[in-house]
Amino acid sequence: MSPVSTPVVGVLALQGDVREHLVALAESGALARPVRRPEELAEIDGLVIPGGESTTMSKLAVIFGMLEPLRERVRSGLPVYGTCAGMIMVADKILDGREDQETIGGVDMIVRRNAFGRQNESFEAAVDFAGVEGGPVDGVFIRAPWVESTGGAVEVLARHRGHTVAVRQGDVLATSFHPELTGDHRVHALFVNMVRAVG
Ligand code: GLN
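For clarity, every value in this text was computed on a predicted model and none was experimentally measured.

Caption draft 1: Up close: the site of the ligand. Neighbouring residues of the ligand: Gly51, Gly52, Glu53, Ser54, Cys84, Ala85, Ile88, Arg113, Asn114, Ile142, Arg143 and His178. In this structure, Ser54 approaches the ligand through a main-chain N or O atom, which is 2.4 Å from an oxygen atom. Arg143 places a main-chain nitrogen or oxygen 3.0 Å from a nitrogen atom of the ligand. For the shell around the ligand, the residue count by class is four nonpolar, five polar and three charged.

This is the structure in structure tokens:
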């Protein structure tokens, strides 16, 4: 893959807002496709894990035989971007999860599920995002998690009300909020560029 080519970016399609990510990725210069089976992991240059419900996603990942293949592919350097439930899925540790809830991991952080949820089920806020030019992004938070703590290799890219809401570790990116719902694809473009850089 040459740096200017169109990388193939999958969207984990077990559950969640898959379609919105496919559109955002296509409009950011990627060839976007849904991914459900382990074989399909070999055919992608990057992967988005959508928002949705992380407990259900975790359960389906086990049922579909995807959990271990996903862990292996992420360990071996596949660029991944997780939004909301997807952020929970790439956390090495979670708080307020279900007892049997599994994550893929990849980011040395502790993420608290539904952290913004109780008071404000859903809200939007302007979020300053390191590495995204052109002003703050419109953060859509829906029963959103936040990052409780991070290890030394994790770069904090955005905060909201003092809480970490966007991080990067190596080629894994995660946000508490949903850029795929806003029509502003700068965060997806950042991720597609990360995928290009690896390719
Ligand atoms: N609260 C959800 C969970 O735990 C995440 C919500 C979302 O993805 N919008 O998975």
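Following the structure, the description resumes.
Caption draft 2: Seen up close, unusual backbone geometry. Of note in this structure, Cys84 is not a glycine but carries a positive phi near 55 degrees. Mapped onto the elements of the fold, Cys84 is located in the loop between β4 (80-83) and α4 (85-89). A positive phi angle, close to 60 degrees, is found at Asp96, a residue other than glycine. By the element assignment, Asp96 lies in the loop between β5 (91-95) and β6 (107-112).

Caption draft 3: Seen up close, the environment of Pro136. Residue placement: Pro136 occurs in the loop between β7 (122-127) and β8 (137-142). Apart from residues no more than four positions distant in its own chain, Pro136 is found in contact with Ala126, Val127, Asp128 and Arg186.

Cut-offs used in this document
- Residues numbered from 1 in each chain as written.
- Predicted model: local features only at pLDDT ≥ 70, side-chain atom pairs only at ≥ 80, totals over all residues.
- Heavy atoms only, no water.
- Near = heavy atom within 4 Å.
- Polar contact = N/O pair within 3.5 Å; in protein donor to acceptor, adjacent residues only side chain to side chain.
- Nonpolar A, V, L, I, M, F, W, Y, C, P; charged D, E, K, R; others polar.
- Helix = DSSP H or I, 4+ residues; strand = E, 2+ residues; numbered from the N terminus.
- Contact = heavy atoms within 4.5 Å.

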